[in-house]
Each structure stands twice: as C-alpha cells, then as structure tokens.
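Here are the chains, one letter per residue:
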Amino acid sequence: MEFVLIAYAILIGMGVAEILRGFADLIRAESVELDGRLLLFAFWVLFVILQVFWAMWRIQRQVAWTFPEFLLFLLPAVLLYVIARISFPLAMDGADLGVYYERATPGLWGLTAAFFLSAASVQPLLYSSVQAPLLASQLSLAILALAAIKVRSPSFHLSVLVAMTVQVAWRGFVVVVT
C-alpha cells in the first residue's frame, strides 16, 4: 500500500515544484506582461494539487490493488503534473502571459477537463462508492473546462477559474482525513 502513496507523492511533489518554479521565475524576470487568468490558473493548480494530496490519505483503506486500479489512481496526479508543467512559459523574461495563456488555452483546459473526469473515476477507490455532489461538481467543471477551449472571453475564463477554486475549497472542507 505504501508504494502507491509514494508514487503519488512523487508526482504531486513534481507538480508543486513546477508551479513554485513558475512563480519564482515570474518574480525573477526583469520584464513580464502579467495576465490575471494565467496567474489565477496557476494558483488553482497549486491549490488543487495540495488538496488532492490531502485527500489521497483516505486511500489507506484500500488493501489490495490491481495494476489497472493503480494506473487509474495515478492518472489525476499525472495530469496535474502536466498541467503544472505547462502553466507558465519556459522563458519568463520578456514574456507576455496573456499571449502565452491564449496559445496554451487548448492544452491547459483540455487537460483540466481530463483531470476532472479522471478524478471522478477514482471516487469508488477513495470512498467505496460514488459521492453524488462531488461527482456532479467534477462533471460540471469538466464541461466548463471544455467550453473554455472554445469560449475565449476573459470574463468566462475568470468565472470558470473562480468556480474551480471554490470547488477545491469546498472539497477541502468536506474531505476529512481520518
């Protein structure tokens, strides 16, 4: 059982490192055009990674694992790492975060939708059943993430990002680690 959590913790740690590296590069850069959508997105990624890591301790109840269950369990962490990796441009100095965000939108939001769908599929492993309110929020946010690929309105993107952040905070309050 411990090896499962170790593999998960490694992926989560890599994701946190990517986001913190992006924020550090942002601070270090001499000139950067800021964009609130990208900054809020990166904040959400860090917030959700930490919340998911917190919630995963619940998995200790799972005694026996099959390889497909192990892969399904790791999928959300893998997706979060990739999202974290592409949340900031590789070269921050002189970057326009708005232009980068627009270019990265399909990847960021497509992977975010995949994350919500994969997180929904892990529910039976975590809770021994499907939690209807959590499933509904995950599926709704997956649909909104897919819509964000096509709808390029900054206010729509900010609204979806706020909804995703609120959902993470709500999950953080309802998931009690015992």
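Up top is the structure these notes are about.
Procedures and definitions
- Residues numbered from 1 in each chain as written.
- Predicted model: local features only at pLDDT ≥ 70, side-chain atom pairs only at ≥ 80, totals over all residues.
- Heavy atoms only, no water.
- Axes fitted to C-alpha atoms, helices over the stretch in contact; angles between N-to-C directions.
- Helix = DSSP H or I, 4+ residues; strand = E, 2+ residues; numbered from the N terminus.
- Parallel < 35°, antiparallel > 145°, perpendicular 65-115°, else oblique.
- Contact = heavy atoms within 4.5 Å.
- Nonpolar A, V, L, I, M, F, W, Y, C, P; charged D, E, K, R; others polar.
- 1 Å grid on protein atoms, 1.4 Å probe; cavity = no way out; pocket = protein on both sides within 12 Å on 5 of 7 lines; lining within 4 Å.
- Points joined across faces, edges and corners; volume = space filled by probe spheres on them.
- Core = buried A, V, L, I, M, F, W, Y, C linked by side-chain atoms within 4.5 Å.
- Buried < 20%, exposed > 50% of the residue type's maximum accessible area, 1.4 Å probe, protein only.
- Patch = residues over 30% accessible without salt bridge, like charges linked within 9 Å, V, L, I, M, F, W, Y side chains within 5 Å.
- Areas by Shrake-Rupley, 256 points an atom, 1.4 Å probe, with all protein chains shown as cover.
- Salt bridge = Lys/Arg side-chain N within 4 Å of Asp/Glu carboxyl O.
- Left-handed = near helix turned anticlockwise from the far one by under 90°.
- Expected span 1.5 Å × (residues − 1).
- Polar contact = N/O pair within 3.5 Å; in protein donor to acceptor, adjacent residues only side chain to side chain.
- Phe/Tyr/Trp six-rings, centres within 6.5 Å; stacked < 30°, edge-to-face > 60°.

Viewed as axis vectors pointing N to C, helix 1 (residues 2-28) and helix 3 (residues 67-85) meet at an angle of 10 degrees, and their least axial separation amounts to 8 Å. Judged by the inter-axis angle, helix 1 sits roughly parallel to helix 3. Here Phe3, Val4, Leu5, Ala7, Tyr8, Leu11, Ile12, Met14, Gly15, Glu18, Ile19 and Arg21 of helix 1 lie close against helix 3, whose contacting residues are Phe70, Phe73, Leu74, Pro76, Ala77, Val78, Tyr81, Ala84 and Arg85. For the contact of helix 1 with helix 3, the residue count by class is 17 nonpolar, 1 polar and 3 charged.

Turning our attention to empty space enclosed by the protein. Applying the stated rule across the entire model yields 2 cavities of 30 Å³ or more. Lining of the second largest cavity is provided by Leu5, Tyr8, Ala9, Phe53, Met56 and Trp57. Mapped by element, the contributors of at least two residues to the lining of the second largest cavity are helix 1 and helix 2 (36-56). Each residue belonging to the lining of the second largest cavity can be placed in one class, and the counts come to 6 nonpolar, no polar and no charged.

One recurring pattern in soluble globular proteins: nonpolar side chains tend to sit buried together. In this structure, Trp44, Phe73, Trp109 and Phe115 are the most contacted members of the largest nonpolar core, which totals 52 residues. Taken together, the elements giving at least two residues each to this core come down to helix 1, helix 2, helix 3, helix 4 (97-127), helix 5 (132-150) and helix 6 (154-174). It is helix 4 that contributes the most residues to this core, 12 residues altogether.

Let us now look at a nonpolar patch on the surface. On the surface, Ile6, Ile10 and Met14 cluster together into a nonpolar patch covering about 280 Å² of accessible area. By the secondary structure assignment, methionine 14 is in helix 1. Look at methionine 14 and you get partly exposed, because its relative accessible area is 36%.

Further remarks concern the environment of phenylalanine 73. Relative to the elements of secondary structure, phenylalanine 73 occurs in helix 3. Given the relative accessible area of 0%, phenylalanine 73 is considered buried. Once the C-alpha coordinates of phenylalanine 73 and alanine 84 are considered, the two residues, 11 residues apart in sequence, prove to be 18 Å apart.

To continue, consider the packing of helix 2 against helix 3. As a packed pair, helix 2 and helix 3 sit with axes 10 Å apart at the nearest point and diverge in direction by 155 degrees. Classified by the angle their axes make, helix 2 and helix 3 are roughly antiparallel. Considering the relative orientation of helix 2 and helix 3, their crossing is left-handed. Contacts between helix 2 and helix 3 involve Phe41, Val45, Val48, Ile49, Val52 and Met56 from the first element and Phe73, Leu80, Ile83 and Ala84 from the second.

Right, let's talk about helix 2 for a bit. What sets the pattern is the α-helix's 3.6 residues per turn: residues three or four places apart point alike. Helix length check: helix 2 (21 residues) gives 30 Å between terminal C-alpha atoms against 30 Å at 1.5 Å per residue, within 8%. Sitting at the amino-terminal end of helix 2 is aspartate 35, which places a side-chain oxygen 3.0 Å from the backbone nitrogen of arginine 37.

The relative placement of two aromatic rings is captured by the distance of their centres and the angle of their planes. Tallying each qualifying case throughout the model produces 10 aromatic pairs. Arranged with centres 4.6 Å apart and planes meeting at 35 degrees, the rings of tyrosine 8 and phenylalanine 73 form a pair that is tilted. Pair noted here: tyrosine 8 is in helix 1 and phenylalanine 73 is in helix 3, with a separation of 65 residues, a long-range link. Phenylalanine 73 matches tyrosine 8 in its accessibility class, with the two residues each being buried. Among the aromatic residues, ring-to-ring pairing joins Phe41, Trp44, Trp109, Phe115 and Phe116 into one connected group.

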